[in-house]
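# Reading the structure
Listed below, chain by chain, are the residues.
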Amino acid sequence: MLVHIPGLLNSSQVDEIRRVLAATDWVDGRVTAGAQSARAKHNLQVPEDAPAARALGEVVLTALGRNEDFVSASLPLRVFPPLFNRYDEGMCFGAHVDNAIRFAPGGVRVRTDFSCTLFLTPPADYDGGELVIEDVFGEQSVKLGAGDLVLYPASSLHRVNPITRGSRWASFFWGQSMVKDDGQRALLHRMDTAIRQTRAALSDDHTAVLALTASYHNLLRMWAEV
Ligand code: NI
C-alpha cells in the first residue's frame, strides 16, 4: 500500500530544515547502502551522526507522532532516525530493495517494514527525480510537494530517476510496524479511515461505530507484535 500524507511539515518547517541543511556537510550516500544498492546509488547524504541530522530528525519524528494518517497507516513500533539526502543534476538511485534489518544508534535492530520519503524541494524546482515504486498494480511514479510524505512497503523494488535540472532534497527513513504484513496493515488502515468517517457521519456512540471499533481493535490484537 502506498500512502500519500500531504502537509506533514508546513512551509516554515520546510524552510527551516532547508536553511540548516544548506550549511551542513554532505557525504557520499553509499555510507548507508548494502552491497547491491551501493552499486546503484549516486547521491549525497548528511552523515547519520551529524548533530544537524539528529536535531532535524527530531522535528520530523515529532510531526509523525502527531499525524493521525501516518500512525494509522504505519502502526509504528520503532522508527529509524530520519536521514537527509540530496540528488544534484545527473544523480540517481537505480532499482533496489532496502536492507531488511538496520541498526539504529545504540545497536537497536529495526526490521524495515515500511519506507518513507519526505519531500523537501518544490517539484517546480527540479526535473526528473521521481521516486518510482513497484507495487501490485505496476509502477507508481511519485513526486510530491515540499512537506509531503509517501509511505510504502520496504519490500518493494524502487528507484529514483536521474535529475536533469536542479536539486532534489528529501528526508528518508524506515520503520518497524506492530503489524509486519503490508496487506494486514492496509486492511486496518482502510477500516480505521472508514470508522473515522462513520463517527463523523453518525455519532461516537452509535451502535455501528462501537461494533466496528471493537472489530478493529480485535483484529489489531490478533495481528500486532509489541
Ligand atoms: Ni531505497
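This section reports on the structure supplied with the text. (Residues numbered from 1 in each chain as written. Predicted model: local features only at pLDDT ≥ 70, side-chain atom pairs only at ≥ 80, totals over all residues. Heavy atoms only, no water.)

### Re the pattern of salt bridges
Between side chains of opposite charge, a pair can form as their charged atoms come close. Evaluated as defined, the whole model comprises 11 salt bridges. The partner of Asp-69 in a salt bridge is Arg-196, with the nearest N and O atoms 3.3 Å apart. You can see Asp-69 sitting in helix α4 (residues 68-74) and its partner Arg-196 sitting in helix α5 (residues 182-201), a full 127 residues away along the chain. On the basis of relative accessible area, Arg-196 is assigned to the partly exposed category, the value being 23%. (Salt bridge = Lys/Arg side-chain N within 4 Å of Asp/Glu carboxyl O. Helix = DSSP H or I, 4+ residues; strand = E, 2+ residues; numbered from the N terminus. Buried < 20%, exposed > 50% of the residue type's maximum accessible area, 1.4 Å probe, protein only.)

### Quick word on the pairing of strand β6 (residues 83-87)
Looking along a regular strand, one sees the side chains alternate between the two faces of the sheet. Of all the 5 residues making up β6, 5 are buried; the element is thus mostly covered by neighbouring parts of the structure. Residue alternation in β6 divides its side chains into two sets, Leu-83, Asn-85 and Tyr-87 and Phe-84 and Arg-86, and both sets are buried. The sheet contact formed by strand β4 (residues 44-45) and β6 spans 2 bridges and is antiparallel. If you follow Gln-45 over to β6, its bridge partner there is Asn-85. Of the pairings in the sheet, the one linking β6 to strand β17 (residues 168-177) comprises 5 bridges and is antiparallel in character. Directly across from Phe-84, in β17, lies its bridge partner Ser-171. (Pairing = 2+ DSSP bridges.)

### Observations regarding the layout of surface pockets
Approximately 260 Å³ is the volume attributed to the largest pocket. Together, Glu-68, Val-71, Ser-72, Leu-75, Asp-192, Ile-195, Arg-196, Arg-199, Thr-213, Tyr-216 and His-217 line the largest pocket. Elements with a minimum of two residues in the lining of the largest pocket: α4, α5 and α6 (207-223). If you tally residues by element for the lining of the largest pocket, the top one is α5, at 4 residues. (1 Å grid on protein atoms, 1.4 Å probe; cavity = no way out; pocket = protein on both sides within 12 Å on 5 of 7 lines; lining within 4 Å. Points joined across faces, edges and corners; volume = space filled by probe spheres on them.)

### Details of the coordination of the nickel ion
Listed as protein donors to the nickel ion are His-96 (NE2), Asp-98 (OD) and His-158 (NE2); their distances from the metal cover 2.1 to 2.2 Å. Counting along the primary sequence, the residues that act as donors to the nickel ion give the motif H-x1-D-x59-H. Of this pair, His-96 sits in strand β7 (residues 92-96) while His-158 sits in strand β15 (residues 158-160); the two residues are 62 residues apart in sequence, bridging distant segments of the chain. You can call His-96 buried: its relative accessible area is 4%. (Donors = N, O, S within 2.8 Å, 3.2 Å for Na, K, Ca; no water.)

### Considering the packing of aromatic side chains
Summed over all chains, the structure comprises 4 aromatic pairs. Judged by centre distance (5.4 Å) and plane angle (75 degrees), the ring pair of Phe-80 and Trp-174 falls under edge-to-face. Of this pair, Phe-80 sits in the loop between β5 (76-79) and β6 while Trp-174 sits in strand β17; the two residues are 94 residues apart in sequence, bridging distant segments of the chain. Of the two residues, Phe-80 and Trp-174, neither departs from the other in class, the shared state being buried. Taken together, Phe-80, Phe-172 and Trp-174 form an aromatic cluster joined through their ring pairs. When the ring centre of Trp-169 is taken as origin, the NZ or CZ atom of Arg-18, which lies over that ring, is 4.6 Å away. A cation over a ring is seen here: Lys-143 above Tyr-126, with NZ or CZ 4.4 Å from the ring centre. (Phe/Tyr/Trp six-rings, centres within 6.5 Å; stacked < 30°, edge-to-face > 60°. Lys NZ or Arg CZ within 6 Å of the ring centre and 35° of its normal.)

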